Amino acid sequence: MKWGRAALAAAMMITALCALPAFAAAPSETWLPAWYASPEPAGGEAAQLHDMTLRQIVRVTADGRMVRLRLSNAYGAEPLHLDDIRIARRDMGSRIDSASDREVTFDGKGGVTIAPGAYALSDPIALDVAEDSDLAVSLYAAGPVKMTTVHDIQRDVLYAAAGNQAAATALPEAKPDIGLGSAFPWLSEVEVADSHETAALIAFGDSITDGYGITQDRGDTWPELLSRRLHAAGYLLSVANAGLSGNRLLHNGQSARFGDAALARFDRDVLAQPNAAAVIVLIGINDLGHAGAAGSAEYESAEDMIAGLDQLASRAHERGLRVYIATLTPFIGTVFTNYYSDEKEQRRQAINAWIRSQTVFDGVFDFDKAADDPAAPGHLLPAYDHGDHLHPNSAGAAALAQSIPLDVFAWAQIKPASAPLRSAVR
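Residues numbered from 1 in each chain as written. Predicted model: local features only at pLDDT ≥ 70, side-chain atom pairs only at ≥ 80, totals over all residues. Heavy atoms only, no water.

When pLDDT is averaged along the protein, the result is 91, and 91% of the positions lie at 70 or above. Low pLDDT (under 50) marks residues 1-27, which in the prediction has two contacts with non-local residues, meaning those over four places away or in another chain. (pLDDT = per-residue confidence, 0-100. Contact = heavy atoms within 4.5 Å.)

This part is about unusual backbone geometry. With omega at 0 degrees, the peptide bond leading from G143 into P144 counts as cis. Tracing the sequence through the fold places P144 in the loop between β15 (133-141) and β16 (145-146). A positive phi angle, near 55 degrees, is found at D194, a position not held by glycine. Considering the arrangement of structural elements, one finds D194 in the loop between β20 (187-193) and β21 (199-205). Note on D194: relative accessible area 41%, which makes it partly exposed. Of note in the backbone geometry, D217 takes a positive phi value of approximately 60 degrees without being a glycine. Residue placement: D217 occurs in the loop between α2 (207-210) and α3 (222-232). Residue D217 is classed as partly exposed on the basis of its relative accessible area, which comes to 25%. (Helix = DSSP H or I, 4+ residues; strand = E, 2+ residues; numbered from the N terminus. Buried < 20%, exposed > 50% of the residue type's maximum accessible area, 1.4 Å probe, protein only.)

Glancing now at the pairing of strand β24 (residues 322-326). Side chains on a regular strand alternate between the two faces of the sheet. Burial analysis of β24 places four of its five residues in the buried class, which makes it a mostly covered element. Taken together, the four bridges between strand β23 (residues 276-282) and β24 define a ladder with parallel strand orientation. Looking across to β24, one finds that V281 is bridged to I325. Note that β24 and strand β25 (residues 363-365) share three bridges and pair parallel. Bridge pairing in β25 places I325 opposite V364. (Pairing = 2+ DSSP bridges.)

Written as structure tokens, this is what we have:
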């Protein structure tokens, strides 16, 4: 039998294709956000890092046997080059479990260059991670590099040392001064795969969600405390904290560190999260506090703010997410100049009345009621007050988390009795 040229070429192509590795057929991993820090601009003249290692401690809310990092140069005007990135399980303080230390690679190579405005997602890393446990992410830059993309509220802990000490067992314990205050640059997310958790719940808000006023290094933000409640009840949900201090719904922050408006960052911080299934919205108090009286440039009526909240619900539902909303917490007597007025309180009450009665969101969490002082309505309960009459302390954050009825998450998968979550790393 003779083969024509076309038939022979086709046969040879089929043979060659059959010999190729079946990469396309390999099942993809299910990745979940286990820790998140919404990027924001540093503002002003950016501090620079030169021949220094930074070690950020992060507490993850999901277990897994694989991890990967997402780094951000979202607000950089020039390429960002990091020379060495490593991840390990934390022992205590700045000390790591050296046996768990792993190099973080990008396309198989150590170090990474991130284009202006872009993100970089690392290769998967084999590392056993327990829920509610601490990881240490170490970044070394020979530099100098500008720290233009940061997250301002340090929910956990930062350490620093001169030179490349990314693989060092421990770094100096003294609080470093790298020119950013309590902020940390570039690290945006830790994701896990091969996890018991099956979906992500995103907490979206301002400093009350981000963790201003809570005790550091204890995992005391209300999203973390909610995560523990969910896991104790068997819900297979990873909770990611997308709070941003000073953030507003309808306007960018008055300070650069307060970030882009919630309506502007919602796609990045919520809708783009891997395997996000639901979001809890607590936003708007800074729209009241960080604006003047009626007629000022950034004054927003209760009706305008309600329309903005309605938009968040519509955009979440469009992507198939369940979306819950929390009432705005008390702020009478806050120490911040011009932040409170009786007229602003009237708008807060009007917004909360709408939240409690609307049918746009899938559920309502009454944080206002949970934090309010019954003896002085409109004020934070003294036991929950960080001291500025606006931000809840750790006890207040616990009260917010406890006020959320877990039965609203009945749609979420529950762990089988025979498959407990990982509480310790083997």
